[in-house]
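# Chains, contacts and geometry: an overview
Take a look at the letters that make up each chain.
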Amino acid sequence: MQYLELLREALPYIQKFKGRIFVVKISGKVTEDKKILDSLGEELALLHQVGIRVCVVHGGGRQLTEIATKLGISQTIIAGRRVTDDETLELAKMVFAGQINTDILACLRKKGVEAVGLSGIDGNIVHAEKRPPKIVRNAETGESEKIDFGNVGDIIKINSKLLQLLLENDYLPVISSLGADDDGRIYNINADTIAAEIAIQLEAEKLIFLSDVDGVYIDPDEPESKISRANLREIEELISNGTVSGGMIPKLQSVRSLLRRGVKSAHIISGIKRNALLSEVFTDKGEGSMFTAE
């Protein structure tokens, strides 16, 4: 009987979201465990089967670091951003567009979903340019220095024609976090940024971030302090009145920017917890943190 009640609760959400676009960003931490990926594949397949148009974007920084370590290729991370030299870019192409993308496709294939593997280079989806050197403050020394991040790109434009064509014909695009400029130079690009820009361009109903955290907390040490739901006005208040601090501020600032630029709702949920995605989409209570414009 409990399952029947859950189906009743899900019905209005299924009706509401049928034909709408969800952009789901999957972190590398989620895709590295085959059992977790298999479970998530079922949830994505269910969204697809009830008529939601799903577009997946994935990163893979953790796997990239592991392979680089095995091959003896040193990695430099500054202020949370990877310096992508030529050797690292070659690994990124293999790991992102190859290993991880193919694993996700195979998982979805097993669930009966017609998924299409892409990178931001396919169909000129992600137009990028080289990130210029930036002044970065060293948290340990307090000193600032100019850093060249190498083959790291910034997005100039999203060309959504191919994605729209695939979604309209019931395919599920799976996009790895690479882009290119007009000269064909390839760049490593932050997957969160690609997902956000694609969501804005596609006028997505939801942008869902799946990672190893299950929401945004006012106090990370207090489970009861999770922000279950907040609108743009409430986000402004949380930032301005000092309720949140430290690492929470840039997260909320990023969400605020997305909502201001047209994303209807942004969600931060666990991609590791079984059924978290379904609970967030199809139940009143939800599972993680949901942020809306209104």
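Our subject is the structure that appears above.
Calculation rules
Residues numbered from 1 in each chain as written. Predicted model: local features only at pLDDT ≥ 70, side-chain atom pairs only at ≥ 80, totals over all residues. Heavy atoms only, no water. Helix = DSSP H or I, 4+ residues; strand = E, 2+ residues; numbered from the N terminus. Buried < 20%, exposed > 50% of the residue type's maximum accessible area, 1.4 Å probe, protein only. Expected span 1.5 Å × (residues − 1). Polar contact = N/O pair within 3.5 Å; in protein donor to acceptor, adjacent residues only side chain to side chain. Core = buried A, V, L, I, M, F, W, Y, C linked by side-chain atoms within 4.5 Å. Contact = heavy atoms within 4.5 Å. Axes fitted to C-alpha atoms, helices over the stretch in contact; angles between N-to-C directions. Parallel < 35°, antiparallel > 145°, perpendicular 65-115°, else oblique. Left-handed = near helix turned anticlockwise from the far one by under 90°.

Not every positive phi belongs to a glycine, and Asn124 is a case in point at roughly 55°. When you line up the elements, Asn124 lands in the loop between strand E5 (115-119) and strand E6 (126-130). The class for Asn124 is partly exposed, based on a relative accessible area of 48%.

A few words now on helix H3 (residues 34-49). Because each turn of an α-helix spans 3.6 residues, side chains separated by three or four positions in sequence point in the same direction. Over its 16 residues, H3 runs 22 Å from end to end, which matches the ideal 22 Å to within 8%, given 1.5 Å per residue. One side-chain oxygen of the residue at the start of H3 lies 2.9 Å from the amide nitrogen of Lys35, identifying that residue as Asp33. Backbone geometry just downstream of H3 places Gly51 in the positive-phi region, at approximately 100°.

Before going further, it helps to spend a moment on the nonpolar core. Counting 43 residues, the largest nonpolar core has Val23, Val57, Ile198, Leu207, Ile235, Leu252 and Phe291 as its most contacted members. The dominant element in this core, judged by the number of residues it contributes, is helix H7 (residues 191-202), at 8 residues. Contacts of Leu252, omitting those with residues within four sequence positions, involve Val216, Ile235, Leu238, Ile239, Val244 and Phe291. Counting 39 residues, the second largest nonpolar core, distinct from the first, contains Ala45, Leu64, Ile100 and Leu278.

Helix-helix packing is characterised by the crossing angle of the two axes and by the distance between the axes. Contact pair H3 / helix H5 (residues 86-110): the axes reach a minimum separation of 9 Å and the direction vectors enclose 55°. As far as their axial angle goes, H5 and H3 are oblique. As for the relative orientation of H3 and H5, their crossing is right-handed in sense. Touching Lys34, Leu37, Asp38, Gly41 and Leu44 of H3 are Asp103, Ile104, Cys107, Leu108 and Lys110, all from H5.

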